[in-house]
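Chain and residue survey
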Amino acid sequence: MNLLKTFIACIALSICSVSAQEKCINEGHLKKLDASWEKAQLELDFDFIKSLLADDFIWVHNHANTIDDKTAVLERIGRYTRQNKKDTKSRKSKAVKVIISGTTGIVSGYTIIDRGPTPTTYHFMRTYVEKKGKCYLIANHTMAVPEKE
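Keep in mind that this is a model prediction, so the values were computed, not measured.

Some details on the packing of aromatic side chains
To describe a pair of aromatic rings, you give the distance between the ring centres and the angle between the ring planes. For the coordinates displayed, the defined rule picks out three aromatic pairs. With a centroid separation of 6.4 Å and an interplanar angle of 55°, the aromatic rings of tryptophan 37 and phenylalanine 57 are classed as tilted. Pair noted here: tryptophan 37 is in helix 2 (residues 27–43) and phenylalanine 57 is in strand 1 (residues 53–60), with a separation of 20 residues, a long-range link. Across this residue pair, the class does not change: tryptophan 37 and phenylalanine 57 are buried. Judged by centre distance (6.5 Å) and plane angle (75°), the rings of phenylalanine 57 and tryptophan 59 are edge-to-face. Taken as a pair, phenylalanine 57 and tryptophan 59 share a single burial class, namely buried. One aromatic cluster in this structure is built from Trp37, Phe57 and Trp59. Over the aromatic face of tryptophan 59 sits the side chain of arginine 76, whose NZ or CZ is 5.7 Å from the ring centroid. Looking at lysine 134, its charged tip hangs above the ring of tyrosine 136, at a distance of 4.4 Å from the centre.

Set out below in structure tokens:
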């Protein structure tokens, strides 16, 4: 009887573990979460961004021209919100791909950001990790794609 209870408990724990991963680290969820990141950037959604970024988040921009941590990103969003600086007209992602390894997911693709007069295309690669059933953005690398001449 004890063996049966132990077996049932192991199966229940396995299901819970798989269920937590399915809620967070899977292709569909990561694509939606990444689209939410883009939307939050566009709308300057401080609370969403604060909850999404891991405490040890790092964002490397164009050839390491700028390297931000979570504090720097939140300070910039706060500053833009206070200044009512909403000069970005749109952010559209395309060719989005997902790679998953264990509790880590990498989302990459292109984002076209329109701040006028000419939109800029960026290649991005964002790394998400699952901790206690929740996904966090731990790393972001963006690089402006040169315009073709």
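Structural notes on the layout of surface pockets
Looking at the largest pocket, its volume works out to about 540 Å³. Lining the largest pocket are 27 residues; nearest its centre among them are Gln41, Trp59, Arg76, Arg91 and Arg115. The set of elements that each furnish at least two residues to the lining of the largest pocket consists of helix 2, helix 4 (70–82), strand 4 (104–114), strand 5 (120–131) and strand 6 (134–144). Classifying every residue of the lining of the largest pocket by side-chain character gives ten nonpolar, nine polar and eight charged.

Some words on the pairing of strand 4
Looking down a regular strand, the side chains alternate between one sheet face and the other. When strand 3 (residues 90–101) meets strand 4, the two strands line up antiparallel, connected through ten bridges. Bridge pairing in strand 4 links arginine 91 to isoleucine 113. Here strand 3 folds back onto strand 4 in antiparallel fashion, the turn holding two residues, of which glycine 102 has a positive phi close to 65°. Between strand 4 and strand 5, which follow one another and run antiparallel, lie five residues, and glycine 116 among them has a positive phi close to 70°.

The rules behind the values
- Residues numbered from 1 in each chain as written.
- Predicted model: local features only at pLDDT ≥ 70, side-chain atom pairs only at ≥ 80, totals over all residues.
- Heavy atoms only, no water.
- Phe/Tyr/Trp six-rings, centres within 6.5 Å; stacked < 30°, edge-to-face > 60°.
- Helix = DSSP H or I, 4+ residues; strand = E, 2+ residues; numbered from the N terminus.
- Buried < 20%, exposed > 50% of the residue type's maximum accessible area, 1.4 Å probe, protein only.
- Lys NZ or Arg CZ within 6 Å of the ring centre and 35° of its normal.
- 1 Å grid on protein atoms, 1.4 Å probe; cavity = no way out; pocket = protein on both sides within 12 Å on 5 of 7 lines; lining within 4 Å.
- Points joined across faces, edges and corners; volume = space filled by probe spheres on them.
- Nonpolar A, V, L, I, M, F, W, Y, C, P; charged D, E, K, R; others polar.
- Pairing = 2+ DSSP bridges.

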